[in-house]
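Summary of the model geometry
Spelled out from the first residue to the last, the chains are:
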Amino acid sequence: MLEKTVYKKLLSNAFDFPVTVKYWDGKSETYGEGTPQAEIDINKKLAMSEIAKHATLTLGEAYMDGDIDIKGSIQQVVASAYRQATSFMHDKSFLKFIPEQGHSEAENKKDIQSHYDIGNDFYKLWLDQTLTYSCAYFKTDSDTLEQAQLNKINHILKKLKPERGKTLLDIGSGWGTLLYVAAEKYGLHATGVTLSEEQYNYTKDQIQKRGLEDLVDVRLEDYRETTGQFDYVTSVGMFEHVGKDNLPGYFKKVNALLKPGARALIHGITGQHNGAGVDPWLTKYIFPGGYIPSVSKNLDYMIEADLQIQDLEPLRRHYQKTLEIWDRNFNNVRDQVRDMFDERFCRMWDLYLQAAAASFEAGNIDVMQYLLTKAPSGEGLPMTRDYMYETK
């Protein structure tokens with residue numbers, strides 16, 4: 001009885017739409033007025049002390065283990081909790097457990113490989129043909145995921161207003177599509193750096209298959225070890241991995257890698273509020289070492305690194321849509337994923353994709369593109385933003 005009293009306190013004000021909760025004894029209770037939008041089945045009593053210590057980790061593991069089931073959209077349930085100001089998701093008493101993180105070069109390599117080296121065969125199942133694992137850019141509602149990913153890459157490169165024959169460095173180059181487009185379409189000499197062996201080997205193979213040996217190179221190295229100076233630097237979905245303490249040094253490194261007067265386009269997940277920046281469930285199961293800085297912190301670090309801001313563009317809705325497509329793709333091949341791993345992994349990955357989409361939907365997180373110059377803002381660029389949208 002005591003447990004139910006505590007659960008009622010926890011759940012009665014957790015959502016901004018009505019939800020039915022079915023308890024382990026088979027009894028149900030609906031919280032909120034109106035027709036329930038989802039049902040949460042608590043199949044096993046969970047220790048309230050564990051929920052109080054680290055709520056998202058305990059509840060996430062319970063879902064992975066089947067101790068909790070959700071009938072309805074996980075994305076909508078999580079988004080509802082984020083929207084509800086009285087939800088436990090906003091209660092700082094549930095944020096007492098913040099995982100410690102290390103970001104030495106060895107630790108960064110281990111963290112990156114734990115996520116990105118799950119295997120190319122896994123990512124090929126549900127990503128698009130470009131193997132681009134970051135926010136897409138939807139120009140129209142009818143854009144396919146592949147087209148939207150190519151839109152994003154072209155949007156990034158066009159913002160830089162690149163000149164043929166010049167050099168570009170992509171920090172955290174993934175499976176290399178930005179490198180190939182930079183070389184094939186824009187005539188740049190492109191270099192990528194990654195810590196993922198799977199991505200490195202795939203990129204090396206693609207460079208050879210595409211005949212780009214004279215234009216494209218990839219290095220298996222920590223960005224902190226990268227040397228040289230470049231006309232352009234890009235970095236997509238990278239600063240989220242460097243760690244809170246390393247962010248000032250990351251932007252200073254971007255500055256060091258740019259030639260005088262050169263430009264950088266930094267694209268990454270951020271927040272338009274000052275939150276914890278880290279979640280214990282995501283840190284343990286999805287992105288070890290991950291940290292999401294606020295926009296204001298990033299701007300401070302950029303200014304401290306003597307970089308000037310030319311353009312700042314939020315793409316929150318684009319990432320929400322990207323994640324929704326990824327999750328549909330993932331569930332379409334769920335049987336194959338289960339054969340590769342197990343059902344617990346499937347529940348974990350589905351929860352990750354839907355919860356991430358919910359975070360973007362509710363504005364809990366955002367994604368930004370920062371156009372930076374190692375010079376007074378706008379130097380070498382047109383006076384207006386029109387050039388970014390020119391079609392050639």
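Given the structure is predicted, the values throughout are model-derived calculations rather than measurements.

**Examining the sheet that holds strand 3 (residues 38-42)**
In spatial order, the strands read 2-1-3-4; together these four strands make up an open sheet with mixed pairing. Each edge of the open sheet is held by one strand with a lone partner, namely strand 2 (28-31) and strand 4 (68-71). The average angle at which neighbouring strand axes cross in this sheet is 20 degrees, direction not considered. Direction of pairing for strand 3 relative to strand 4: antiparallel, over a ladder of four bridges. For Asp41, the partnering residue across the bridge sits in strand 4 and is Asp69.

**Some details on the nonpolar core**
By size, the foremost hydrophobic cluster in this structure holds 71 residues, and its most contacted members are Tyr123, Trp126, Tyr133, Leu157, Trp281, Trp326 and Trp349. The element best represented in this core is helix 15 (residues 343-361), accounting for eleven residues. What Trp326 contacts, discounting residues up to four positions off in sequence, is Trp126, Leu127, Thr132, Tyr133, Ser134, Leu145, Gln149, Tyr319 and Leu353.

**Some thoughts on the pattern of salt bridges**
Under the criterion given, the structure shown has 20 salt bridges. For Arg344, the salt bridge is made with Asp65, and the minimal N-O distance between the two is 2.6 Å. Within this pair, whereas Arg344 is found in helix 15, its partner Asp65 is found in helix 3 (residues 55-65), the two being separated by 279 residues in sequence. Relative accessible area serves as the criterion here: at 33%, Arg344 is assigned to the partly exposed category. Under the relative-accessibility criterion, Asp65 is labelled partly exposed at 44%. Here Asp69 makes a salt bridge to Arg347, at a shortest N to O gap of 2.8 Å. One end of the pair, Asp69, is in strand 4; the other, Arg347, is in helix 15, and 278 residues separate them in sequence. Residues participating in the shared-partner salt-bridge network are Arg334, Asp335, Arg338, Glu343 and Asp350.

**What to know about the packing of aromatic side chains**
Applying the stated criterion across every chain yields a total of 25 aromatic pairs. With centroids separated by 5.2 Å and ring planes inclined at 50 degrees, the aromatic side chains of Tyr133 and Trp326 adopt a geometry described as tilted. Taken together, the positions of Tyr133 in the loop between helix 6 (120-126) and helix 7 (145-159) and Trp326 in helix 13 (residues 316-332) put the pair 193 residues apart, joining distant regions of the chain. Just as Tyr133 is buried, Trp326 falls in that class too. Here the guanidinium or amino end of Lys321 rests over the ring plane of Phe138, the centre of that ring lying 4.6 Å away.

**Concerning the sheet that holds strand 8 (residues 230-236)**
On the basis of which strands lie adjacent, the open sheet formed by seven strands has the order 7-6-5-8-9-11-10 and mixed pairing. Since the sheet does not close on itself, it has two edges, and those belong to strand 7 (216-220) and strand 10 (308-314), each with one partner. Here the average twist between neighbouring strands, direction ignored, is 15 degrees. Where strand 10 meets strand 11 (residues 366-373), six bridges bridge the pair, whose relative direction is antiparallel. Bridge pairing links Ile309 to Leu372 in strand 11.

**Examining helix 7**
Here helix 7 spans 21 Å end to end across 15 residues, near enough to the 21 Å set by a 1.5 Å rise per residue. Judged by how many residues are buried, helix 7 sits mostly within the fold: twelve of 15 residues are covered. Regarding helix 7, the residues found buried are Leu145, Ala148, Gln149, Asn151, Lys152, Ile153, Asn154, His155, Ile156, Leu157, Lys158 and Lys159. Directly beyond the C-terminal end of helix 7, a positive phi value near 45 degrees is found at Lys161.

**As for a nonpolar patch on the surface**
Nonpolar side chains collect at one region of the surface, where Ile303, Ile309 and Leu312 lie side by side and expose about 240 Å² of accessible area between them. With respect to the helices, strands and loops of the structure, Ile309 is situated in strand 10.

**Examining the pairing of strand 11**
Strand 11 sits mainly inside the fold: eight of its eight residues count as buried. Of the two faces of strand 11, both are covered, the one formed by Asp366, Met368, Tyr370 and Leu372 as well as the one formed by Val367, Gln369, Leu371 and Thr373. The pairing of strand 9 (residues 258-270) with strand 11 spans eight bridges and is antiparallel. Among the inter-strand pairings, Ile269 is bridged to a residue of strand 11, identified as Val367.

**Quick look at the environment of Leu178**
Counting through the fold element by element, Leu178 comes out in helix 8 (residues 177-184). Along the sequence, Leu178 and Lys152 sit 26 residues apart, while their C-alpha atoms lie 9.3 Å from each other. When sequence neighbours within four positions are dropped, the list of residues in contact with Leu178 reads Ile153, Ile156, Leu157, Leu168, Asp170, Thr234 and Val236.

**So, the packing of helix 10 (residues 247-257) against helix 12 (residues 295-304)**
The geometry of helix 10 relative to helix 12 is characterised by a closest axis approach of 8 Å and an angle of 45 degrees between their N-to-C directions. With respect to their mutual orientation, helix 10 and helix 12 come out oblique. Crossing of helix 10 against helix 12: the hand is right-handed. Between helix 10, through Leu247, Pro248, Phe251 and Lys252, and helix 12, the contact on the second element is made entirely by Asn298, Tyr301, Met302 and Glu304. Here the residues of the contact of helix 10 with helix 12 are counted per class, giving five nonpolar, one polar and two charged.

What counts, and where the lines are drawn
Residues numbered from 1 in each chain as written. Predicted model: local features only at pLDDT ≥ 70, side-chain atom pairs only at ≥ 80, totals over all residues. Heavy atoms only, no water. Pairing = 2+ DSSP bridges. Helix = DSSP H or I, 4+ residues; strand = E, 2+ residues; numbered from the N terminus. Axes fitted to C-alpha atoms, helices over the stretch in contact; angles between N-to-C directions. Core = buried A, V, L, I, M, F, W, Y, C linked by side-chain atoms within 4.5 Å. Buried < 20%, exposed > 50% of the residue type's maximum accessible area, 1.4 Å probe, protein only. Contact = heavy atoms within 4.5 Å. Salt bridge = Lys/Arg side-chain N within 4 Å of Asp/Glu carboxyl O. Phe/Tyr/Trp six-rings, centres within 6.5 Å; stacked < 30°, edge-to-face > 60°. Lys NZ or Arg CZ within 6 Å of the ring centre and 35° of its normal. Expected span 1.5 Å × (residues − 1). Patch = residues over 30% accessible without salt bridge, like charges linked within 9 Å, V, L, I, M, F, W, Y side chains within 5 Å. Areas by Shrake-Rupley, 256 points an atom, 1.4 Å probe, with all protein chains shown as cover. Parallel < 35°, antiparallel > 145°, perpendicular 65-115°, else oblique. Left-handed = near helix turned anticlockwise from the far one by under 90°. Nonpolar A, V, L, I, M, F, W, Y, C, P; charged D, E, K, R; others polar.

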